[in-house]
Amino acid sequence: MITASYEGDALKGTIRVPGDKSISHRAVMLGAIAKGTTTISGFLAGEDCLSTIRIFSQLGVDIERIGTDVTVKSPGITGWKNPVEALDAGNSGTTARLLLGILAGSNVTAEVTGDRYLCKRPMRRVTTPLKEMDARFESDHETGTLPLTVKGTQLKEMSYNMPIASAQVKSAILFAGLSAQGTTTVTEKAVSRDHTERMLRQFGANVQSEATSVSIVGGQSLQACDVKVPGDISSAAFFMCAAAMVSGSSLTFQDVGLNPTRTGIIDVLEDMGAKVSIKETVGGEGEPYGELTVQSSDLRGVEISGSLIPRLIDELPVIALLATQATGTTIIKDAEELRVKETDRIEAVCSELRKLGASIEPTPDGMRITGPTKLKGTILSSHGDHRLGMMAAIASLVTEGPVQIEDASCINVSYPGFFDHLNSLTQSKH
Ligand code: S3P
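Quantities reported herein were computed from a predicted structural model and do not represent experimental measurements.

Thresholds, definitions, all that
- As a convention, each chain's residues are numbered from 1 in the sequence order in which they are written.
- For this predicted model, a pLDDT threshold of at least 70 governs which residues receive local features, and a threshold of 80 or more governs which side-chain atom pairs are given and counted, while totals over whole chains, interfaces and linings are taken from all residues.
- Excluded from the side-chain calculation are hydrogens and water; included are all heavy atoms of the structure.
- For each residue, the accessible area found with a 1.4 Å probe, counting protein chains only, is set against the maximum for its type, and the residue is called buried under 20%, exposed over 50%, and partly exposed in between.
- By the criteria applied, helices consist of DSSP H or I runs no shorter than four residues and strands consist of E runs no shorter than two, each listed in order from the N terminus.
- Paired strands, as defined in this entry, are two strands with at least two bridges between them according to DSSP.
- A clockwise path from the first strand over the helix to the second, with the strands pointing away from the viewer, defines a right-handed crossover.
- Summary of the distance rule: residues count as near a molecule or strand when at least one heavy atom falls within 4 Å of that molecule or strand.
- Polar contacts here mean pairs of N or O atoms no more than 3.5 Å apart (in protein, one a potential hydrogen donor and the other a potential acceptor; neighbouring residues in sequence count only if both atoms are side-chain atoms).
- All accessible areas in this document rest on Shrake-Rupley with a 1.4 Å probe, and a residue is counted as covered only by the protein chains that are shown.
- Grid points spaced at 1 Å and placed over the protein atoms alone form the basis of the search, with a cavity being a set where a 1.4 Å probe fits but cannot get out and a pocket an open set showing protein on both sides within 12 Å along at least five of seven lines. Lining residues have an atom within 4 Å of a point.
- Cavities and pockets are treated as containing a molecule whenever more than half of the molecule's atoms lie within 2 Å of their grid points.
- Under the scheme applied, nonpolar residues are Ala, Val, Leu, Ile, Met, Phe, Trp, Tyr, Cys and Pro; charged residues are Asp, Glu, Lys and Arg; polar residues are all the others, including Gly.
- For each domain, the first and last residues come from an automatic or database assignment.
- All axes are obtained by fitting lines to C-alpha atoms, using only the stretch in contact for helices, and the reported angles, taken between N-to-C directions, cover 0 to 180 degrees.
- Should any heavy atoms of two residues lie within 4.5 Å, those residues are considered in contact.
- Grid points are joined across faces, edges and corners, and a volume is the space filled by probe spheres set on the points.
- The scheme is simple: roughly parallel for angles under 35 degrees, roughly antiparallel for over 145, roughly perpendicular for 65 to 115, oblique for anything else.
- The sense of a crossing depends on the near helix, which, turned anticlockwise from the far helix by less than a right angle, makes the crossing left-handed and, turned clockwise, makes it right-handed.
- Put simply, a salt bridge is a Lys or Arg side-chain nitrogen that is within 4 Å of an Asp or Glu carboxyl oxygen.
- In these notes, a set of buried Ala, Val, Leu, Ile, Met, Phe, Trp, Tyr and Cys residues joined through side-chain atoms within 4.5 Å is what counts as a nonpolar core.

## Here's the deal with the pairing of strand E11 (residues 183-187)
Among the five residues in E11, four count as buried, and that is most of the element. Sheet topology places strand E10 (residues 159-161) next to E11; three bridges connect them, and they run parallel. Across the sheet, residue Ser 159 finds its bridge partner in E11, namely Thr 185. Handedness of the crossover joining E10 and E11 through helix H5 (residues 167-179) is recorded here as right-handed. Bridge count for E11 against strand E13 (residues 213-217) is five bridges, and the pairing is antiparallel. Note on E13: the bridge partner recorded for Thr 184 is Ile 216.

## Topic: the site of the ligand
Taken together, the residues surrounding the ligand are Lys 21, Ser 22, Arg 26, Thr 94, Ser 166, Ala 167, Gln 168, Arg 193, Ile 313, Asp 314 and Lys 341. The contact in question runs from an oxygen atom of the ligand to an N or O atom on the side chain of Ser 22, over 2.7 Å. At 2.7 Å from an oxygen atom of the ligand is found a main-chain nitrogen or oxygen belonging to Ala 167. In isolation the ligand exposes 380 Å². Once the protein is present, 95% of that is buried. Of all the cavities here, the one that holds the ligand is the largest pocket. At the level of elements, helix H1 (21-33) and H5 are the ones that each hand at least two residues to the shell around the ligand. Counting residues per element, the shell around the ligand draws most heavily on H1, at three residues. Across the shell around the ligand, the residue classes tally to two nonpolar, four polar and five charged. Two domains each provide a minimum of three residues to the shell around the ligand, namely domain 1 (2-19 + 230-425) and domain 2 (21-215).

## Section: the sheet that holds E13
If you trace the four strands from one edge of the open sheet to the other, you get E10-E11-E13-E12, paired in mixed fashion. Since the sheet does not close on itself, it has two edges, and those belong to E10 and strand E12 (207-210), each with one partner. Direction aside, the axes of adjacent strands within the sheet are offset by 15° on average. Where helix H6 (residues 195-202) meets the sheet, its contacts fall on E12 and E13, and the angle it forms with E12 comes to roughly 145°.

## Points about empty space enclosed by the protein
In the structure shown here, the tally under the stated rule is one cavity of 30 Å³ or more. The calculated volume of the largest cavity comes to roughly 30 Å³. Contributing to the lining of the largest cavity are Asp 20, Ile 23, His 195, Pro 230, Ile 233, Gly 257, Leu 258, Asn 259, Arg 262, Glu 287 and Pro 288. Tallied by class, residues from the lining of the largest cavity come to five nonpolar, three polar and three charged.

## What about the side chain of Thr 94?
Relative to the helices and strands, Thr 94 resides in helix H3 (residues 93-104). The buried category is assigned to Thr 94, whose relative accessible area is 9%. Dropping the residues within four chain positions of it, Thr 94 is found in contact with His 25, Arg 26, Met 29, Leu 99 and Gln 168.

## A look at the packing of helix H4 (residues 124-132) against H5
Orientation of H4 relative to H5, taken along the N-to-C sense of each, is 30°, at an axis distance of 9 Å. As judged from the angle between their axes, H4 and H5 are roughly parallel. Crossing of H4 against H5: the hand is right-handed. Taking contact as the criterion, the partners of Arg 125, Val 126, Pro 129 and Leu 130 in H4 are, on H5, Gln 168, Val 169, Ala 172, Ile 173 and Ala 176. Considered class by class, the residues forming the contact of H4 with H5 number seven nonpolar, one polar and one charged.

## With respect to the side chain of Glu 188
Assignment of secondary structure puts Glu 188 in the loop between E11 and H6. Within the structure, the side chain of Glu 188 is placed 2.5 Å from the side chain of Ser 192, a separation counted as a polar contact. Not counting the four nearest positions on each side in its chain, Glu 188 is found in contact with Met 162, Ala 165, Ser 166, Lys 170 and Thr 212.

## Focus: the domain arrangement of the protein chain
Under the domain assignment, the protein chain is made up of domain 1 (2-19 + 230-425) and domain 2 (21-215). Taken together, the 30 residues of domain 1 in the interface contact 25 residues of domain 2. For the pair domain 1 and domain 2, the interface holds three salt bridges. Taking the shortest distance from any N to any O, the salt bridge between Arg 125 and Glu 337 comes out at 2.8 Å. Viewed at the interface, domain 2 and domain 1 are joined by 14 residue pairs in polar contact (both at pLDDT 80 or more). Of the residues assigned to the side of domain 1 that touches domain 2, the class counts are nine nonpolar, eleven polar and ten charged.

## Digging into the nonpolar core
Counting 78 residues, the largest nonpolar core has Phe 239, Phe 253 and Phe 418 as the members making the most contacts within it. By residue number, the principal contributor to this core is helix H7 (residues 233-245), which donates eleven residues. Apart from the residues within four sequence positions on either side, Phe 418 is in contact with Phe 238, Phe 239, Met 390, Ala 393, Ile 394 and Ile 411. Leu 100, Val 126, Leu 130 and Leu 155 belong to the second-largest nonpolar core, a separate cluster that totals 70 residues.

Put into structure tokens, the structure is as follows:
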């Protein structure tokens, strides 16, 4: 149990949040698929990305990590070996789903598993379309969940209309398409994060994007390269929301990722009345990043729905907290995907924020929050979900009395050093 006691503390200063989780996973994966040496700087050394490193090491890729610098020396996908033990993705849905797509067209046979939370999460969203490409999966249960055994084989091309906006599904199919015969095309309902497409291009692949469709020609080989991982805007979001809602705050984030498929949080903060300023450093084909400053202000409730949802899906727990401090009603809809994240984030967010006295109701595809409410500290559970754990800690900035957080160690999944940042940015001594 961790006690978070930061009542009314304004946040001031400058931080660099740890590297982007989505980009860190992909850098290791593409480095392992490419023959040669890939270097990664700014890698996120959180539990999820460490699971990805461990898995590709088991496949025979030589990966060395010193802090946030990683070197991946690979014989290329055709040189991988069958792992002796199951590949354990831990808590990481991204690792598991992207891996299923990568292994489907490899020469390898491997069992993929995960922790008790991941083994309950749906995998058919990737295995069903991959089977249309001739992928082979075996399991001794009918639930479609992990553990699953993948028997790598020659895949065929496919055109697939995705029923959900999911970068994990899109990426699994694009990775499978890279080893398939012919051209594979994926079409989304709304554009999800495009890190896979951008990084495939960085590794020399020909990937065509047009509106909501992405196409890849199979049989291309990748060129090992150097990848710089910017700070994770989904991690920064906790402190962005904190700075927006605690009076007297002004926080600057350096080298934070500003990929437009991820910046929905900035749009929402501005819509709610927060003061945000942005200085973009790099644009173009790579990953844009830059400096972001957020200052506190009076906030108002807003509606968050439609194509905005995939651009801020992971930020919705902390946005729900923020909405408890805004005047009026915030409605979150079209976000049923929250029900199949690390936990059912609609039920978990509503139940935890209610314990603090918030006026929040779950709906089938989101939630309704009315504010502003003066919250009261109590014991909250993380539900084993890193983003719920961080939401609880940030809540303590606006509660009367401390918030005690059960099972807070899961925060290391995406944000090692989270409490060090929280302590250094708040004004009182902890
Ligand atoms: C991710 C995609 C999102 C996101 C997850 C990371 C990725 O999931 O919630 O934290 O790296 O591709 P979905 O694509 O399933 O929505």
